[in-house]
Structures are given as structure tokens and as C-alpha cells.
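Chain by chain, the residues run as shown.
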Amino acid sequence: MKEVLADIAQKLQQGAYQNEEHVRLSLVARLLQALGWDIWDPNRVNAEFKPIPAEDGTKVDLALFVEHRIPSVFIEIKGVGRIPDLAEAERQLRDYNRNNTATFTVLTDGRTWRFYFSQTAGEFRDKCFKIIDLRQDVLEETELAMRMFLSMETISSGQAEKEAKDLLKLTQSQRTMMEVLPEARRRTAEMPFPALPDALVSVVKERGFTVSREEALKFLGAIKTPPPPPPPPPVDDREDVVNLDADRPGSLKHTSVSQATFGNRPVGNWSALVREGL
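Criteria and cut-off values
Residues numbered from 1 in each chain as written. Predicted model: local features only at pLDDT ≥ 70, side-chain atom pairs only at ≥ 80, totals over all residues. Heavy atoms only, no water. Helix = DSSP H or I, 4+ residues; strand = E, 2+ residues; numbered from the N terminus. Expected span 1.5 Å × (residues − 1). Bend = angle between axes of the 7 residues up to and from the residue. Buried < 20%, exposed > 50% of the residue type's maximum accessible area, 1.4 Å probe, protein only. Polar contact = N/O pair within 3.5 Å; in protein donor to acceptor, adjacent residues only side chain to side chain. Phe/Tyr/Trp six-rings, centres within 6.5 Å; stacked < 30°, edge-to-face > 60°. Salt bridge = Lys/Arg side-chain N within 4 Å of Asp/Glu carboxyl O. Contact = heavy atoms within 4.5 Å. Patch = residues over 30% accessible without salt bridge, like charges linked within 9 Å, V, L, I, M, F, W, Y side chains within 5 Å. Areas by Shrake-Rupley, 256 points an atom, 1.4 Å probe, with all protein chains shown as cover. Axes fitted to C-alpha atoms, helices over the stretch in contact; angles between N-to-C directions. Parallel < 35°, antiparallel > 145°, perpendicular 65-115°, else oblique. Left-handed = near helix turned anticlockwise from the far one by under 90°. Pairing = 2+ DSSP bridges.

A. Geometry of helix H2 (residues 20–34). Along its 15 residues, H2 runs 20 Å from first to last C-alpha, staying within 8% of the 21 Å computed at 1.5 Å per residue. Helix geometry: H2 is bent most strongly at valine 28, by close to 30°. Among the residues of H2, those classed as buried are Val23, Arg24, Leu27, Val28, Ala29, Leu31 and Leu32. Its side-chain oxygen at 3.1 Å from the backbone nitrogen of glutamate 21, asparagine 19 defines the N-terminal cap of H2.

B. Examining the packing of aromatic side chains more closely. Under the defined criterion, the tally for this structure stands at eight aromatic pairs. Ring centres 5.3 Å apart and planes at 75° place the aromatic pair phenylalanine 49 and phenylalanine 65 in the edge-to-face group. One end of the pair, phenylalanine 49, is in strand E1 (residues 45–49); the other, phenylalanine 65, is in strand E2 (residues 60–67), and 16 residues separate them in sequence. Like phenylalanine 49, the residue phenylalanine 65 is buried in the burial classification. An aromatic cluster of at least three residues, connected via ring pairs, comprises Phe104, Phe115, Phe117, Phe129 and Phe149.

C. Molecular detail of the pattern of salt bridges. Scanning all chains against the criterion turns up 21 salt bridges. Among the salt bridges present, the one from arginine 24 reaches glutamate 21, with a minimum N-O distance of 3.3 Å. Remark: glutamate 21 and arginine 24 occur in helix H2; sequence separation between them is three residues, near one turn of the helix. Residue arginine 24 is classed as buried on the basis of its relative accessible area, which comes to 13%.

D. The arrangement of helix H7 (residues 172–187) in detail. Look at H7: 22 Å from first C-alpha to last across 16 residues, which is about the 22 Å you get at 1.5 Å a residue. If you look at H7, its biggest bend is around 50°, right at valine 180, and the proline proline 182 turns up within four residues after that. Here H7 has its buried residues at Arg175, Thr176, Met177, Glu179, Val180, Leu181, Pro182, Glu183, Ala184 and Arg185.

E. Broad picture of the side chain of threonine 154. Tracing the chain through its elements places threonine 154 in helix H5 (residues 152–157). The contact partners of threonine 154, leaving out residues within four places of it in the chain, are Arg147, Met148, Phe149, Gln159 and Ala160.

F. Structural context of unusual backbone geometry. Following methionine 191, the chain continues into proline 192 via a peptide bond in cis, with omega recorded as 5°. The residue proline 192 is located in the loop between H7 and helix H8 (196–206) in this model. Positive phi values are uncommon outside glycine, yet glutamate 48 reaches one of about 55°. Inspection of the secondary structure puts glutamate 48 in strand E1. Notably, phenylalanine 193 is not glycine yet its phi reads approximately 55°, a positive angle. Tracing the sequence through the fold places phenylalanine 193 in the loop between H7 and H8.

G. Structural detail: a nonpolar patch on the surface. A cluster of nonpolar residues, Val242, Leu244, Leu252 and Trp270, forms a patch on the protein surface that exposes about 380 Å² of accessible area. The topology assignment puts valine 242 in the loop between helix H9 (213–222) and strand E7 (260–262). Judged by its relative accessible area of 66%, valine 242 falls in the exposed class.

H. Spotlight on the packing of H7 against H8. Running from N to C, H7 and H8 cross one another at 125°; their axes reach a closest spacing of 8 Å. Regarding the angle of H7 to H8, the classification is oblique. Here H7 runs over H8; the crossing is right-handed. Facing H7, whose interface residues are Thr176, Met177, Val180, Leu181, Glu183, Ala184, Arg185 and Arg187, H8 presents Leu196, Ala199, Leu200, Ser202, Val203, Val204 and Glu206.

I. Representation of the sheet that holds strand E6 (residues 128–133) within the structure. One open sheet accounts for six strands, arranged E1-E2-E3-E4-E5-E6; its pairing is mixed. Edge positions in the sheet fall to E1 and E6, since each has one partner strand and no second. Each strand axis lies, on average, 20° off the axis of its neighbour in the sheet, ignoring direction. When strand E4 (residues 104–108) meets strand E5 (residues 112–117), the two strands line up antiparallel, connected through five bridges. Note on E5: the bridge partner recorded for threonine 108 is tryptophan 113.

Here is the structure:
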């Protein structure tokens, strides 16, 4: 799956998808197959599906089915960069769900994917709980989101619906912070090495929202998912080097520092090492 997403991101960068059919066949269908959908079975993946059979003019580009005749996902597909009027597109999605409501509705131009939980109350624009950018977002986070909200397994198990409901409980600014958190974490490892709350405030601002540092701190304190652990340090097998377990280092009493680095910064004693850590 990760290799598929990486290849699609590269092709998006190269401008390979020239029209809506390229996006539908070479991008969306490819992703759906990687996510466990049988794209060759119209009982599972139905192209040009009529949500209201009596109205010939209303057709969904792709409808996904876990159960027979009960749509799980409607996908509306546009050419890359060809969603000029989001409000009009969302009215179109609303109409698809008027008489035959799918659990999820997706609007995509191949690069940007907007996920809506169709079955919640309110204006259709307020049903959007997740936005993914295949060219810009962190690859690992994109893969997790796609697997969570568009794989046949998570949709059929109900896990995708549960996660969508949890995300909809967040405010717009909280949802934005959740979406950009991987990018904020990445920036903390680059010059000028901002603290995570400051990086989060900066990235959220780039998305058109304003949050204070206090709001960012509160959000970071409330989320359940910790950042991935750093890779273990290389083991030095020289006889004069003791490799300590960082979680259970044992007693370091009566020891002194002869040489140390914290990150890339050299220090010469315990006090300096503690200062760098703080």
C-alpha cells in the first residue's frame, strides 16, 4: 500500500493524470484494489451508480458495497485541481445521499481527498471529518488514514464509522491540528528546532486557521496517540563501552562524563548534559 501511495504521489508531481478518467482508473481504482475492494465485481465497486433509479441524470462515479444493495461509500471524482466550487460539489454529494444514503461520501480530484460521514445530522459541509493530500501529507499518515476510512475491512467491521464519529466531535481547529500533527512533528527535527506546540501553531496557520500556543498545548495533552518512538541507538560492542537501557539504566552513582553528545551538541559533564536535555 505504501509503495502504491508513493508512486501515485510521484505521478501527481509529474502531472501524469491528465483528465478525470485517468484519475478514476489509474489512481482511484488502483487505490481501492490495494485497500481490499474487488474492482472487477460490480456488486462491490459499481461505476456510474444511480442512487435514485427513477432519475437518469443522477449518477455517482463510484459506489462501494459491503452488503448487497446497501451503499457503503459514494465517491465523486474530478480531474486533478478541478474542484473550482466546493460548495456546489458538496450540494451534489448531498443530493446523492438524499434517498439512498451511503455511510461515507468521498470527494476527490486524485490529490485531495475529502471524507464525509453522510449519516450525521447538519449541513453537508459540516459532515467532513478528514482531508488528505496525497502529494503533500506524510506518507505513513496517509496510509493509516486511507486504511482506516476506505478499506473494505474497516468499513465492514464498523471501525471506520466509529473513528469518523470521534473526529466529528472535534472542532474545526482541533481537526486541523490533528491533520497537520505529523507535519508539525517533522518540523521539530529541522532548523530552528521549534517546540512541538510552536510548530503546530505555525502549520495550522498555513492551513488558514489560528490557534494559540495554549490551545495547542491543551490539544497535545488531550490526544491519545503518542508520537512514534525514536529508533534505538546503535550498539557499541567495544569492551570499554557500557550500553545502557534508557528505561532502566541502573545506578550511575560515582560516575563521571568524559565525553558526551546530546543530539549533535557536545557536552563535557553531567550538569551540561542535564542542561542540554532540559
